[in-house]
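One letter stands for each residue in the lines below.
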Amino acid sequence: MTHDPADIRHLRYFLAVAEAGSFSRAADRLGLSQPSISQQMRDLEAGLRVTLFQRRGKRISLTPAGAIFEGHARTILRQLDTCLDDLSREPKQLHGDLHVGIVPFLDVALIPKLLGMFTSAHPRIRLRVQEFSSPDIETALEEGRVHVGLGFLTRHSPNLRYDPLWSDEISLIVPASHPWAKRSFVNFHEIHQQRLLQLPDTFVIRRMTDDICRLHLVRPRTVAEISSIEALLRSLASVNAAALLPGIALHGSAGLKALRLRGKNLTLEIGLLRLSDSDKNSAVAAFTKLAKTAVPKILGKRLVRP
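Since this is a predicted model, take the numbers as computed values, not measurements.

Once that is clear, we can look at the pairing of strand E4 (residues 125-131). Pairing between strand E3 (residues 96-102) and E4: 7 bridges, direction parallel. By the bridge assignment, Leu-98 is partnered in E4 with Leu-127.

Okay, the packing of helix H2 (residues 23-30) against helix H3 (residues 34-48) next. At a minimum axis separation of 8 Å, H2 and H3 run at an interaxial angle of 110°. When the interaxial angle is binned, H2 and H3 end up roughly perpendicular. Where H2 approaches H3, its residues Phe-23, Ser-24, Ala-27 and Leu-30 are matched on the opposing element by Gln-34, Ile-37, Ser-38 and Met-41. Per-class residue counts for the contact of H2 with H3 are 5 nonpolar, 3 polar and no charged.

Take the layout of surface pockets next. The space that makes up the largest pocket amounts to roughly 320 Å³. Residue lining of the largest pocket: 17 residues in total, with Glu-230, Leu-233, Ala-249, His-251 and Ser-253 positioned closest to the centre. Contributions of two or more residues to the lining of the largest pocket are made by helix H5 (104-121) and helix H8 (229-239). With 5 residues, the top contributor of residues to the lining of the largest pocket is H5. For the lining of the largest pocket, the residue count by class is 10 nonpolar, 3 polar and 4 charged.

As a further point, take helix H6 (residues 134-143). Of the residues making up H6, those classed as buried are Ser-134, Ile-137, Glu-138, Ala-140 and Leu-141. The arc enclosing the buried residues of H6, seen along the axis, measures out at 165°, which places them on a common side. In this fold, the buried residues of H6 make contact with E3, strand E5 (148-152), strand E6 (160-175), helix H7 (204-215) and strand E12 (267-275). A positive backbone phi angle near 80° is found at Gly-144, which sits one or two residues after H6.

Another aspect to go through is the environment of Gly-255. Looking at where Gly-255 falls in the secondary structure, it is placed in the loop between strand E10 (243-246) and strand E11 (256-262). Note: C-alpha distance between Gly-255 and Asp-107 (148 residues apart in sequence) is 20 Å.

To continue, consider the packing of aromatic side chains. Enumeration according to the criterion identifies 5 aromatic pairs in this entry. Through pairs of rings, three or more aromatic residues link up here, namely Phe-14, Phe-23, Phe-53 and Phe-69. Taking the ring centre of Trp-180 as reference, the NZ or CZ of Arg-183 above it sits at 5.1 Å. Above the face of the Phe-185 ring, Arg-262 is positioned so that its terminal group lies 3.5 Å from the ring centre.

Below, the discussion takes up the nonpolar core. Counting residues in hydrophobic clusters, the biggest one holds 73 residues, and the most contacted among them are Phe-105, Leu-172, Leu-245 and Phe-287. Among the elements that take part in this core, helix H9 (residues 282-302) stands out by supplying 10 residues, more than any other. Filtering out sequence-adjacent residues up to four positions away, Phe-287 remains in contact with Leu-98, Val-100, Leu-114, Phe-118, Val-148, Leu-150 and Leu-272. Within the second largest apolar cluster, 19 residues are counted, among which are Leu-11, Tyr-13, Ala-16 and Val-17.

Taking 1.5 Å of rise per residue, the 18 residues of H5 would be expected to cover 26 Å, and the 25 Å separating its terminal C-alpha atoms lies within 8% of that figure. At Leu-110, H5 is bent by approximately 55°, the largest bend along its length, and proline Pro-112 sits one to four residues beyond. When we look at burial in H5, the residues that qualify are Phe-105, Leu-106, Asp-107, Ala-109, Leu-110, Ile-111, Leu-114 and Phe-118.

What counts and what doesn't
- Residues numbered from 1 in each chain as written.
- Predicted model: local features only at pLDDT ≥ 70, side-chain atom pairs only at ≥ 80, totals over all residues.
- Heavy atoms only, no water.
- Pairing = 2+ DSSP bridges.
- Helix = DSSP H or I, 4+ residues; strand = E, 2+ residues; numbered from the N terminus.
- Axes fitted to C-alpha atoms, helices over the stretch in contact; angles between N-to-C directions.
- Parallel < 35°, antiparallel > 145°, perpendicular 65-115°, else oblique.
- Contact = heavy atoms within 4.5 Å.
- Nonpolar A, V, L, I, M, F, W, Y, C, P; charged D, E, K, R; others polar.
- 1 Å grid on protein atoms, 1.4 Å probe; cavity = no way out; pocket = protein on both sides within 12 Å on 5 of 7 lines; lining within 4 Å.
- Points joined across faces, edges and corners; volume = space filled by probe spheres on them.
- Buried < 20%, exposed > 50% of the residue type's maximum accessible area, 1.4 Å probe, protein only.
- Arc of directions from axis to C-beta.
- Phe/Tyr/Trp six-rings, centres within 6.5 Å; stacked < 30°, edge-to-face > 60°.
- Lys NZ or Arg CZ within 6 Å of the ring centre and 35° of its normal.
- Core = buried A, V, L, I, M, F, W, Y, C linked by side-chain atoms within 4.5 Å.
- Expected span 1.5 Å × (residues − 1).
- Bend = angle between axes of the 7 residues up to and from the residue.

Here you go:
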């Protein structure tokens, strides 16, 4: 059986001798006998296979190897003391990293408030938030690149849990200058041959709205496809077009209005995505608990529909 060349007791005794410059004075400070301290230091030197002290009568000084060891010993003990202090002072605080994936529709409406609440409750968890499409969030979760996601619930993967947090609807987003801007609702069949700006079909929302159009036998006129949601919304007035998007997309956009649509399959779910065994991760469990309570309140207060 092998033994470590030094343990925590040795480090503390060594530093006491180095600071006192004497075995006897170090023994007095530690409440031990001088022979015991001398024997501990001989054991330490034997274990390290180096000479740490120069003995000149009753006076003790460090050898060059001893000076090197002193710096490392102080660092080790400082780190240990910090660890013990954290454990004793904040036993209930969670630590670690949490990577959150979120769809672009939700970042402005949701993240600032939710981020503030989570970091306030768990200041020692390091958060990283990254935008993904809903399918990419699912892939990132399964590959371990993301711990938890906020997006549209497709329920495509058997390896993930999908927790609904909020229901939204596909709306017709129009600028104030649009001929329909003063209307309170639009029948879906009226969109046939209407000018639309659309997201590319790499977005799950575009694929959903295409399915809805086919269901209603509607074929809109696509003026342009724009991959940036913000750029798409800002372009509506200049091209005199509308957009089929979730009502949440309107958050923070001035001069636009979300018109209710009358039709089928217009509802979509916004929620939490995570691996089936994610409860084993305490940071994910804490984020899940907060999101289930906070997200409905945040979106309910911030999203005002006509």
